[in-house]
Amino acid sequence: RFHHTSTSHWCSCSKTVSDEKYQDPFQLGRKDLKNLYEDIKKELLVSAAELKEMCDYYFDGKGKAFRPMIVVLMARACNIHHNNSKEVQASQRSVAIIAEMIHTASLVHDDVIDDANSRRGKRTLNQIWGERKAVLAGDFILSAASVALARIGNTTIISVLTQVIEDLVRGEFLQLGSKENENERFAHYLEKTFKKTASLIANSCKAVSILGCPDPKVHEIAYQYGKNVGIAFQLIDDVLDFTSCADHLGKPTAADLKLGLATGPVLFACRQFPEMNAMIMRRFSKPGDVERARKYVLQSDGVQQTTYLAQRYCHAATREIRKLRPSPEREALVHLTEMVLMRDK
């Protein structure tokens, strides 16, 4: 179902935004994200010096703030669509802050589960402070996000964003399991990808659309855009695990194979190299499995097929967001889909 042999259908994406309409998402979102990390630190006010040090270590202001940026751009696009309002509401900006806090808490916990050594080019919390304290720091960030969420005072928004936390946990459980049936494997992989990565973006976009516009059709557009961009983002992440060098990526390459995970490039490669099935089932645990699997992936069209699939999701995201009234923010969200496909780290 996901197999494509021709690239011609996809190559139209490079010039979907005309030059005069071109909007840099990071430039456009910057004004709403000013002092983002300072505001997050205000949410994390703690008396315990060590806990504060751990939180400050992660919220160092050096992240790309990719998720908050999508959220504020979506907020503006929906506000303009609804009543031509040019302002981001305080509650919508709060959603952007909460999204970054939930995301960071999930990274802290992921690093503990994966026993990871590095993240964003520096040592992980679990490496410096130990697993127990890292788990507690992740819990603390999550609890502070919950307090900020409650302060918005809207039960619908609370319901939408707590779904993200449930999905993150369910996604982690899906990642710990695997499917014997090859046909079920890809569906399992995409479901895990949605829950672990895309749900946060989809539901955060939905939340700001609810705050800015009463139309359920707009809420669905925002959700579908976030979902499709989120899945594409993770698919490209899984490609970079095979094609990028560790220094550039800020974390070790072939990390997923070392964790026993069969991502998109592996599942596609498996169709050309059926001997990989046994390796997938034993989660690449035998000596030499990781190296062999990596070689098979690079010899196959697994990387190319996963990239094609990411392009499909980005096209779906673009189709959705174009249903909104034209605005610089809408065009920036269109351009963002191209940036997701072109990124190299």
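This structure is a prediction, so every number in the text was calculated from the model and none was measured.

Draft legend 1. Representation of the overall build of the chain in the model. The helix and strand inventory of the chain stands at 17 helices and 2 strands. Going through the 345 residues of the chain one by one, you find that 56% of them count as buried. For the chain, the computed accessible surface area is about 15700 Å², with 52% contributed by carbon and sulfur atoms. Of the side chains in the chain, 48 bear a positive and 42 a negative charge, and the two mean positions are spaced by 2 Å.

Draft legend 2. Fine view of helix α10 (residues 216-243). In this model, α10 (28 residues) spans 40 Å end to end at C-alpha, consistent with the 40 Å of a helix rising 1.5 Å per residue. Extensive coverage of α10 is indicated by the burial of 23 of its 28 residues. For α10, the side-chain oxygen to backbone nitrogen distance between the N-cap and Lys217 is 2.9 Å, and the N-cap itself is Asp215.

Draft legend 3. Here's a closer look at helix α2 (residues 36-43). Along α2, the positions that sit buried rather than exposed are Leu36, Tyr37, Asp39 and Ile40. One face of α2 carries all of its buried residues, which in axial projection span an arc of 155°. Residues of α2 that are buried sit in contact with α4 (66-83) and α5 (90-114).

Draft legend 4. Broad picture of the pattern of salt bridges. Applying the stated rule across the entire model yields 17 salt bridges. With a shortest N-O distance of 2.8 Å, Asp56 and Lys52 are connected by a salt bridge. Here Lys52 and Asp56 lie together in helix α3 (residues 49-58), a separation of 4 residues that amounts to about one turn. Residue Asp56 is classed as partly exposed on the basis of its relative accessible area, which comes to 25%. Between Asp289 and Arg282 there is a salt bridge, with its nearest N and O atoms 2.7 Å apart.

Draft legend 5. Main features of the state of the cysteines. Summed over all chains, the structure comprises 0 disulfides. Cys78 supplies the cysteine sulfur nearest to Cys213, a cysteine that is in no disulfide, at a spacing of 6.5 Å.

Draft legend 6. Representation of empty space enclosed by the protein within the structure. Scanning the entire structure with this criterion turns up 1 cavity of 30 Å³ or more. What lines the largest cavity is a set of 17 residues, and nearest its centre among them are Gly177, Ser178, His188, Leu261 and Ala262. For the lining of the largest cavity, the elements supplying multiple residues, two or more each, are α8 (155-176) and α9 (182-212). The element best represented in the lining of the largest cavity is α9, accounting for 4 residues. Considered class by class, the residues forming the lining of the largest cavity number 7 nonpolar, 6 polar and 4 charged.

Draft legend 7. Structural view of the packing of aromatic side chains. Following the criterion strictly, the structure yields 6 aromatic pairs and no others. Both rings, one in Phe186 and one in Tyr189, keep their centres 5.6 Å apart while their planes meet at 90°; by these two values the pair is edge-to-face. With Phe186 and Tyr189 both in helix α9, this residue pair falls 3 residues apart, about one helical turn. With respect to burial, Phe186 and Tyr189 carry one shared label: buried. Put simply, the rings of Tyr57, Tyr58 and Trp129 touch in pairs and so form one group of aromatic residues. The positively charged end of Arg67 is found above the aromatic ring belonging to Phe233, 5.4 Å away from the centroid. The ring of Tyr223 has Lys206 sitting right over it, with the charged end atom 5.7 Å from the ring centre.

Draft legend 8. Structural context of the environment of Lys133. Tracing the backbone through its elements, the reader meets Lys133 in helix α7 (residues 131-152). A relative accessible area of 37% means that Lys133 is categorised as partly exposed. Separated by 83 residues in the primary sequence, Lys133 and Glu50 place their C-alpha atoms 9.4 Å from one another. The residues touching Lys133, leaving out its near neighbours within four places in the chain, are Glu50 and Met54.

Draft legend 9. Quick look at a nonpolar patch on the surface. Together, Ile113, Val169, Phe173 and Leu176 make up an exposed nonpolar region whose accessible area comes to about 430 Å². No other element matches the 3 residues that α8 contributes to the nonpolar patch. You can see Leu176 is positioned in helix α8. Assessed through its relative accessible area of 53%, Leu176 is described here as exposed.

Draft legend 10. Focus on unusual backbone geometry. Even without a glycine there, the phi angle at Arg283 is positive, about 55°. Structurally, Arg283 is set in the loop between α14 (276-281) and α15 (289-299). Classification of Arg283 as partly exposed rests on a relative accessible area of 23%.

Draft legend 11. Broad picture of the side chain of Gln92. Examined against the element boundaries, Gln92 turns out to sit in helix α5. Among the residues examined, Gln92 registers a relative accessible area of 0% and is labelled buried. Residues in contact with Gln92, not counting those within four places in the same chain, are Val71, Ala75, Asn79, Glu87, Val208, Leu211 and Gly212.

Rules of the game
- Residues numbered from 1 in each chain as written.
- Predicted model: local features only at pLDDT ≥ 70, side-chain atom pairs only at ≥ 80, totals over all residues.
- Heavy atoms only, no water.
- Helix = DSSP H or I, 4+ residues; strand = E, 2+ residues; numbered from the N terminus.
- Buried < 20%, exposed > 50% of the residue type's maximum accessible area, 1.4 Å probe, protein only.
- Areas by Shrake-Rupley, 256 points an atom, 1.4 Å probe, with all protein chains shown as cover.
- Lys, Arg positive; Asp, Glu negative; His and termini not counted.
- Charge placed at Lys NZ, Arg CZ, Asp CG, Glu CD.
- Expected span 1.5 Å × (residues − 1).
- Polar contact = N/O pair within 3.5 Å; in protein donor to acceptor, adjacent residues only side chain to side chain.
- Arc of directions from axis to C-beta.
- Contact = heavy atoms within 4.5 Å.
- Salt bridge = Lys/Arg side-chain N within 4 Å of Asp/Glu carboxyl O.
- Disulfide = S-S within 2.5 Å.
- 1 Å grid on protein atoms, 1.4 Å probe; cavity = no way out; pocket = protein on both sides within 12 Å on 5 of 7 lines; lining within 4 Å.
- Points joined across faces, edges and corners; volume = space filled by probe spheres on them.
- Nonpolar A, V, L, I, M, F, W, Y, C, P; charged D, E, K, R; others polar.
- Phe/Tyr/Trp six-rings, centres within 6.5 Å; stacked < 30°, edge-to-face > 60°.
- Lys NZ or Arg CZ within 6 Å of the ring centre and 35° of its normal.
- Patch = residues over 30% accessible without salt bridge, like charges linked within 9 Å, V, L, I, M, F, W, Y side chains within 5 Å.

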